[in-house]
Amino acid sequence: MNRWNETLDSKKRSVIILFIFLSVVVPFVPAILAVLFIVITLYMIREIPLQKLNYYLFIGVVISGFLGPYLALPTFPSFFLFRILIILHMFLFLFEKKDFKKLDSIKIPIILFIIWIFYSILSLLWTSSPALSVVAIYYQIESFYLLFAFVYYINSLTKLKQMLTWIVLIYVMTIAIGLWEILTGDHLKYSAGNILSYGDMRPTGLLVNTNDYSSYIAFYIPVLLLFLFQKKTILKSLIGIASLGALTFIILETESRSGLVAFAVVVALTLYKIFHHKIIFFFGLIMSTLIGLSLLLIQHGAKLTTYFTGKTDSTNQRAFMYETIFQLCKEHNFLGVGIGVTPKYVFTALYGTSNIPDTMQRTMSAHNLWLSNLSDVGIIGFFPFILLFIWFVTHAMRLYIQNQQLLAAIPICILVAFVAISIGSSSIFEMRIVWLGLGLALTTINLLEQNTNNLKFRTGVTR
């Protein structure tokens, strides 16, 4: 009895000492709370099988990836939950029993992505800015891990449905945020509209700028429509029509040309998948849409023309940047200037090297992933990335044509949005929503093709 009391007293003393220690240290090092939280969490979940734990942890990675800096410590906005969770996930994955057979059908894109990263690492031998290159390589590795983990852990249609549920909940929340921004003119903390004090009401949602937000809407609208139209009811159909109206309004308010085009193409592809067996209805839907657009052009033709042609300064600046990058490629014999270094050359071309404020960041994104990548790693490093994209497009198109499920429309729709954001947004290297979207596309291709192959195997049917 006395020993039990002594043990209890010892635990009490330890808790008191720990509390005093934290009271002294936390005001100076707030990040220690995050470390303590992780330690306590790991202790509590120590009995859960590691593979199951990593699956749920990956769901946390995805959710925190969408919410980004809004899940950060107040005094450390760059130290947000996503970066903690993904590093923790990578670490735990090392100790998990591996089963790479589930990746057999998507080995080619995985290998191509690895080759792209490997050549980027080689570019450290000749890069003029090792610091920029190391940061870019980190983002490449992070992007690869998101794609890899998506396919590895979301290895069944049941798990895919769970993940899509989380994605659509966040998507609906961002729609509400966008409408709130348009109606009030207020923006969230990390929005460029708030940071730069924009004098308008263009929405940015949980992202930084309007182009990113519009592309995000195009990326994930097929997921929303999948939930609303997979099992059609009158109520869901009405909600779907209202959602399309609200999203069209938001897209127009962003004034993003690439986002608008991507949104229109994605919606057309998704609606065709939903109603293609009712060709008369689909034809009527298209005709009514065209009539509506015609009336809109008649009433607001000048304004809509300005929407596409009124950004002369922006268009001219991009044309100048593209010319600069292509010239840069030729000067380096299309061998690359080093991964992540092109923005430094673009900034110099636009602003020079003198009279630059100390507070000004000395890099300027090329606003074009394809040209920037070609300039960074040259033709040799660019080639596996192009092959990766071709593989994606080929399999996504085949899935869209051959598979009748609405789910089969998601990969090609994501690729359409990817093309738009790759030339519309400033940079997508560090944009988690893009690589999570590609991970979703790759997972959908993997699962649906596996199901098709399994069905052929069981029935003996071949095409």
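Here we summarise the structure given alongside this text.

### Some remarks on the pattern of salt bridges
All told, the structure shown has 1 salt bridge when counted by the stated rule. Put simply, Arg398 and Glu449 hold a salt bridge, and the shortest N to O gap is 3.1 Å. One end of the pair, Arg398, is in helix 15 (residues 369-402); the other, Glu449, is in helix 17 (residues 432-459), and 51 residues separate them in sequence. Under the relative-accessibility criterion, Arg398 is labelled partly exposed at 38%.

### Focus: the side chain of Gln140
Tracing the chain through its elements places Gln140 in helix 6 (residues 130-153). Judged by relative accessible area, Gln140 falls into the buried class, the value being 0%. Once residues within four sequence positions are removed from consideration, Gln140 is found in contact with Phe113, Trp116, Ile117, Ser120, Ile339 and Phe429.

### Details of helix 3 (residues 50-67)
Look at helix 3: 25 Å from first C-alpha to last across 18 residues, which is about the 26 Å you get at 1.5 Å a residue. Burial within helix 3 is extensive, with 13 of its 18 residues counted as buried. Phi turns positive, to about 50 degrees, at Gly68, one or two residues after helix 3.

### Quick look at unusual backbone geometry
With phi around 60 degrees, Glu255 is a residue other than glycine that occupies positive phi space. The topology assignment puts Glu255 in the loop between helix 10 (234-254) and helix 11 (257-275). At Asn333, a residue that is not glycine, the phi angle is positive and equals roughly 55 degrees. Inspection of the secondary structure assignment puts Asn333 in the loop between helix 13 (312-331) and helix 14 (342-351). Since its relative accessible area comes to 58%, Asn333 is described here as exposed.

### As for the environment of Asn451
With respect to the helices and strands, the residue Asn451 is situated in helix 17. Look at Asn451 and you get partly exposed, because its relative accessible area is 34%. Sequence separation of Asn451 and Ser156 is 295 residues, and the distance between their C-alpha atoms is 9.7 Å.

### So, the nonpolar core
Core analysis: the largest hydrophobic core is formed by 125 residues, its most contacted members being Tyr216, Tyr220 and Leu440. In this structure, Leu440 is in contact with Phe150, Leu160, Leu164, Ile167, Tyr220, Val223, Ile410 and Ile414, ignoring residues within four places of it in sequence.

### Examining the packing of helix 9 (residues 210-229) against helix 10
Viewed as axis vectors pointing N to C, helix 9 and helix 10 meet at an angle of 175 degrees, and their least axial separation amounts to 11 Å. One element, helix 9, and the other, helix 10, form an angle in the roughly antiparallel class. Residues Thr210, Tyr213, Ser214, Ile217, Ile221, Leu224, Leu225, Phe227, Leu228 and Phe229 of helix 9 pack against Lys236, Ser237, Ile239, Gly240, Ser243, Leu244, Leu247, Ile250, Ile251 and Thr254 of helix 10.

### Some remarks on empty space enclosed by the protein
Enumeration according to the criterion identifies 2 cavities of 30 Å³ or more in this entry. Put simply, the largest cavity is a space of about 70 Å³. Lining the largest cavity are Phe113, Leu147, Phe385, Leu388, Phe389, Phe392, Leu415, Phe418, Trp435 and Leu438. Counting residues per element, the lining of the largest cavity draws most heavily on helix 15, at 4 residues. Its residues placed into classes, the lining of the largest cavity shows 10 nonpolar, no polar and no charged. Its volume calculated, the second largest cavity comes out at about 40 Å³. Together, Phe66, Ile170, Thr174, Leu206, Leu207, Tyr213, Tyr216 and Ile433 line the second largest cavity. Every element with two or more residues in the lining of the second largest cavity is listed here: helix 7 (157-184) and helix 9. Its residues assigned to classes, the lining of the second largest cavity shows 7 nonpolar, 1 polar and no charged.

### Comments concerning the packing of aromatic side chains
Tallying each qualifying case throughout the model produces 34 aromatic pairs. Consider the rings of Trp116 and Phe385, whose centres lie 4.8 Å apart with planes at 45 degrees: the pair is tilted. Of the two residues, Trp116 sits in helix 5 (residues 107-122) while Phe385 sits in helix 15, which places them 269 residues apart along the sequence. Summarising the burial analysis for this pair, Trp116 and Phe385 share the class buried. For Lys102, the ring lying beneath its charged end belongs to Tyr152, and the centroid distance is 4.2 Å.

### A few points about helix 10
With 21 residues, helix 10 should cover 30 Å at 1.5 Å per step; its first-to-last C-alpha distance of 30 Å lies within 8% of that length. Every buried residue belonging to helix 10 is among Gly240, Ser243, Leu244, Ala246, Leu247, Ile250, Ile251 and Thr254, and all of these are buried. Just downstream of helix 10, Glu255 is the residue with a positive phi angle, here 60 degrees.

### Digging into the packing of helix 5 against helix 15
Where helix 5 meets helix 15, the closest approach of the two axes is 8 Å, and the angle between their N-to-C directions is 175 degrees. Regarding the angle of helix 5 to helix 15, the classification is roughly antiparallel. Contacts between helix 5 and helix 15 involve Ile108, Pro109, Leu112, Phe113, Ile115, Trp116, Tyr119 and Ser120 from the first element and Asn373, Val377, Ile380, Gly381, Pro384, Phe385, Leu387, Leu388 and Trp391 from the second. Of the residues assigned to the contact of helix 5 with helix 15, the class counts are 14 nonpolar, 3 polar and no charged.

Conventions and cut-offs
- Residues numbered from 1 in each chain as written.
- Predicted model: local features only at pLDDT ≥ 70, side-chain atom pairs only at ≥ 80, totals over all residues.
- Heavy atoms only, no water.
- Salt bridge = Lys/Arg side-chain N within 4 Å of Asp/Glu carboxyl O.
- Helix = DSSP H or I, 4+ residues; strand = E, 2+ residues; numbered from the N terminus.
- Buried < 20%, exposed > 50% of the residue type's maximum accessible area, 1.4 Å probe, protein only.
- Contact = heavy atoms within 4.5 Å.
- Expected span 1.5 Å × (residues − 1).
- Core = buried A, V, L, I, M, F, W, Y, C linked by side-chain atoms within 4.5 Å.
- Axes fitted to C-alpha atoms, helices over the stretch in contact; angles between N-to-C directions.
- Parallel < 35°, antiparallel > 145°, perpendicular 65-115°, else oblique.
- 1 Å grid on protein atoms, 1.4 Å probe; cavity = no way out; pocket = protein on both sides within 12 Å on 5 of 7 lines; lining within 4 Å.
- Points joined across faces, edges and corners; volume = space filled by probe spheres on them.
- Nonpolar A, V, L, I, M, F, W, Y, C, P; charged D, E, K, R; others polar.
- Phe/Tyr/Trp six-rings, centres within 6.5 Å; stacked < 30°, edge-to-face > 60°.
- Lys NZ or Arg CZ within 6 Å of the ring centre and 35° of its normal.

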